[in-house]
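In case you want the letters, here they are:
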Amino acid sequence: MERRSTVKSSSLIAAVSALLLAAWVQPATCDEIRTSTMGNCSIALEDRDNQINPYDYGRNPAYLGADFDRSWIRFLFSIDEQKGDLKRPFDPHLLNNTFVEFEGRKRLSDRQAASGSFRYDRLWQREQWRSLELDQYNDPFYLTDLTTGDITYWGPVMSADYSLRLSSKAAIGAGFDYEISTGLKDYYTRPQIEHNYARGNIGLLLQPRSEWFFGLLVRPMRIQNRTTFDGTNENKDLTIRRYYGEGIYDIRSFSSYSLTEVMKGVEIGVQNIVTTDRVKVGTIFSYGYAQNSVQGKTSPPEEIGYWQDKTLDFNFIARYTLENTPLVLGVSGRSMNRDGWAERPRYEDVVLFDNPMQLRSLGAGASYTIQPTGLTIAADYVLNSYDIEASDYGANDFRAQEFVQNVGRLGVEYAAYNVYSIRGGVEVTDYVADRWLKLPVNTDRYRFTAGGSYAWGLWQVDAQIVYGRDTQNDTDERRRDLGGIVWFTHLE
Amino acid sequence: MKRFFAIVSVVCAGALMASCGLDKPDEADGRSVLVLQAVDTSGVFSEDWTSVANAKVDIASATEAFKGTFTTDETGKIVIEGLPMGEYYIQASMRYEEHDVLLTGQAKKKLKSEAEVKDTLFMSFVPVSPIVINELYYAGCNGSSFYYYDQFVELYNSTGDTLYLDGYVICRSQQSDGIFDIEGEPFALAYYMYQFPGTRGVTRECPIGPHEFLVIACDAVNHHNYGALCVNLLGADWESFNPTQNDYDNLLVPNLLPVSTVGKDFTLSLGHTGIFLATGEEFTFAEYTTSSGVSPFIQVPLRTIVDAVETAENPSPTFRRYLTLRIDAGLGGIGMTKYSGQSIERKVPGFDSNNSSFDFDIGAPTPGYSH
């Protein structure tokens, strides 16, 4: 792991402060909140958690032990709220996400390291129109009623990684992500929506040469979403609509009912990381497969939907650090092909929904640190070319978009004496992409961030405020995003 | 080398896992084509069968919420394209105003794998019943949970004469495991049977005037007192009353008495029910097995049945009919919710094409009158 000092200052106030604290202050740690606050600049802006190594670039748990500076524990609190009508039809008008989290990283021995996090999350979907799922857009099958209500989800989110170095040239690692939440709609039809997500993360890492890492990743995954109706206070029967794409739906009326989606899948990835003093190159090639079976609770269970998704994804990133100049140049690229399709198992000879998607991406970035003022400036430009089709054969609705997305990022940081830093950034996305092509075309997104950090003793506090705004030229509808996050990190 | 093989093995194992899944079908949904030819077999206008131009063709999915109306061309043909796979009820109708003739024809088609399905709709007279079940209210209301005592059946006399219902029976059907194929039987099964007083063709105690409605209440009570959506049935013409049970009796309203020996009153199932009106001239008691054991049923010959309606809230693909297609080709009330305070009523009083999928609309109950 390579650390970049972010604490440079010549200002008097900062100097005085630093002198007072220098005797016992520890170097600041920033992690990904730094890049996030600096406009999400990530191509050339190197960070504690944004390096080109097998853990930061691909989360290979086998490299966790090598990606280790010191143990720490962190408490963080986040609140974020999105609001507005520039959205897809089944997105909530207002989305409020609040969570508290503990996380930490610890070296267990000179060969072992572990990290973990525990979060308790509240997701509040307000003025949710008809939708009865946590994510209505995860496949073409969905449930609705005819009401608008609020759905509140509560639940924990956990993750852990563990690495074991087998030899100087090999390491293995394992980890998992797990989340479970229960959502309740406060209005007729009052469903209970249980979400359960589990993903394993198994990694193997070889280091054939000192500058070359070869990683292998296997990630099995399972998601289960169950919507249960147990009756209401309104003395009404439960009337829901089950959609198979947008054109075919049936109306079901029950006193109680449940519908379960089970998505199973696996992702296999291969990493190659080459690092020298000046040049660092990382590539990941991955293959992902997932299938989703939607079952209604009848006797025998009735399979009413099937969705399958395959993804071939190739990513690369490279950074070059100029000699004697604090300038880092970077390039990135991505080529992704996804092929999703759906059928009604009752009519398995025909495709109901076809959703191929291609992404070709090229990006370039630069990061420059002005010495000795401690001013860091970073900028990225990414050009994404999308080709998306959403063919709903059941509805005779064929949507297709081929467009270029421009993403520009700019981040600035002023850091002083390893004590405090002030950061700001902006990210502009010209044409937000939506796989289902339900978002109004040519929606632009502006994201402004500001924040800073302060360190004393073994403690550091980081904070970030985000203001985002989605706009579209042909409509007055807007959507804004306002959020904040505070981290308290204690180094050990 | 060992390590290399280990890596290759892991990759192969992963690839094997990833290769699971289904092959994507080559054909697309929503491309089915239904070709229909409407043919007049009535012999009214020609001794030969002739094509029916400009006939209205209604098509409704048997399981999904899809309905469409189309018109045949000059040759009596219609090509309906872009249909999703599924099962469909089809009805062709043609009204000749100048002759006051209504021809109808019906079919049920399953579109599964063939790209194009062809069929002929044989159109003829509807053997119009002089009396029809015009409105059926069985959903219950919001008086309380399980409050459905305000159910009623409304009959309509579509003739210009006063008719008499003496001896007629109104019946509720039920699933029986003893009958494998209801389409092969010459009778319908009644589980509940209530009878008008008198003797058919002899007495004249139960009149229904020309183009008038007649309401048979489960309990002739002002149920509106118990819930905003509940129906006031104090004005009912008749009331089903079971004297062997603890059934409410409004002494001001004459009674239909039970012939069947089960049940406490003439109540209808809220989810799936079949009801028919018969002349009562002939029926036979029989026992059949149901899910709850052996139960007494009554076989009613189809030729004595005046009108029949079958309703279902949620017909599934494995749905089993109570009534034969010969007396009701479709299902009414699909999607109507329990305790919603809604009824099904014929689109026009007396309109009866023998297919409840097309004959009825869902709406607020109107006992004794129409919308």
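Note that this is a predicted model, so its numbers are computed, not measured.

### A short note on the overall build of chain B
- Helix and strand content of chain B: two helices and 25 strands.
- Seen along its three principal axes, the alpha-carbon backbone of chain B occupies a region of about 100 × 60 × 40 Å.
- The proportion of buried residues among the 371 residues of chain B is 45%.
- Counted over contacts in chain B with a minimum sequence separation of 6, partners at least 24 positions apart contribute 66%.

### Regarding the sheet that holds strand β15 (residues 192–195) of chain B
Residues and elements named next belong to chain B.
- The 11 strands are arranged β23-β20-β13-β15-β19-β18-β17-β11-β10-β24-β25 in an open sheet whose pairing can be described as mixed. Single-partner strands in this sheet number two, and they are β23 (305–312) and β25 (360–363). In this sheet, adjacent strand axes meet at a mean angle of 25° when their direction is disregarded.

### Digging into the interface of chain A and chain B
- In this assembly, 31 residues from chain A lie in contact with 33 residues from chain B.
- Among the elements of the structure, β7 (212–229), β9 (248–254), β10 (257–275), β11 (279–296), β13 (327–343) and β14 (350–351) of chain A are those that each provide at least two residues to the side of chain A that touches chain B.
- With six residues, β9 of chain A is the largest single contributor of residues to the side of chain A that touches chain B.
- Here β14 of chain A runs beside strand β1 (residues 27–28) of chain B; their pairing, made up of two bridges, is parallel. Within the sheet, the bridge partner assigned to Val-350 of chain A lies in β1 of chain B and is Glu-27 of chain B.

### Side note on the sheet that holds strand β22 (residues 293–301) of chain B
Residue and element names in this part refer to chain B.
- The three strands are arranged β14-β22-β21 in an open sheet whose pairing can be described as antiparallel. Only two strands of the sheet have a single partner each, and these edge strands are β14 (187–190) and β21 (284–290). Mean inter-strand twist for the sheet, computed between neighbouring axes without regard to direction, equals 45°.
- Of the strand pairs in this sheet, β14 and β22 are connected by four bridges, and their pairing is antiparallel. Each residue of the ladder has a partner; that of Leu-189, found in β22, is Gln-299.

### A look at the nonpolar core
All names here are of chain B.
- Among the nonpolar cores identified, the biggest contains 67 residues, and Phe-152, Cys-171 and Ala-190 are the most heavily contacted of them.
- Sort the elements by how many residues they give to this core and strand β10 (residues 131–137) lands first, with five residues.
- For Phe-152, the residues in contact, after removing those within four places along its chain, are Tyr-137, Val-215, Ile-216, Ala-217, Cys-218, Val-231, Leu-233, Ala-236 and Pro-367.

### Topic: the domain arrangement of chain B
All names here are of chain B.
- Here chain B is described as being made up of domain 1 (32–125) and domain 2 (131–363).
- On a C-alpha basis, the centres of domain 1 and domain 2 stand 30 Å from each other.
- Taken together, the contact pairs 10 residues of domain 1 with 10 residues of domain 2.
- Sorting the residues of the side of domain 1 that touches domain 2 by element identifies β4 (56–61), β7 (86–96) and β8 (101–111) as the ones contributing at least two each.
- Tallying contributions element by element places β7 first for the side of domain 1 that touches domain 2, with three residues.
- Within the side of domain 1 that touches domain 2, the residues separate by chemical class into four nonpolar, five polar and one charged.

### Section: the pairing of strand β15 (residues 353–370) of chain A
Residue and element names in this part refer to chain A.
- Relative to β15, β13 runs antiparallel, the two sharing 16 bridges. Paired with Ala-342 across the two strands is Phe-353, which belongs to β15.
- In this sheet, strand β16 (residues 375–392) lies alongside β15 in antiparallel orientation, the contact comprising 16 bridges. Paired with Ile-370 across the two strands is Leu-375, which belongs to β16.

What counts, and at which threshold
- The written sequence of each chain sets the order in which its residues are numbered from 1.
- The naming scheme follows written order: chains are lettered A onward, ligands numbered 1 onward.
- Only residues with pLDDT of at least 70 are given local features in this predicted model, and only at 80 or more are side-chain atom pairs given and counted; all residues enter the totals for whole chains, interfaces and linings.
- In DSSP terms, a helix is any run of H or I states spanning at least four residues, a strand is any run of E spanning at least two, and both are numbered starting from the N terminus.
- Three exposure classes are used, all based on how many other C-beta atoms lie within 10 Å of a residue's own C-beta (placed from the backbone): buried at 20 or more, exposed at 12 or fewer, and partly exposed between those limits.
- By definition, residues are in contact whenever their C-beta atoms, placed on the basis of the backbone, come within 7 Å of each other.
- By the convention used here, strands pair only if DSSP detects at least 2 bridges between them.
- Lines are fitted to the C-alpha atoms to define the axes, a helix being fitted only along its stretch in contact, and any angle between axes, read from their N-to-C directions, falls within 0 to 180 degrees.
- Residues of type Ala, Val, Leu, Ile, Met, Phe, Trp, Tyr and Cys that are buried and joined through C-beta atoms within 7 Å form what is called a nonpolar core.
- Either an automatic procedure or a domain database provided the assignment from which the domain bounds are taken.
- Classification used: nonpolar for Ala, Val, Leu, Ile, Met, Phe, Trp, Tyr, Cys and Pro, charged for Asp, Glu, Lys and Arg, polar for all others including Gly.

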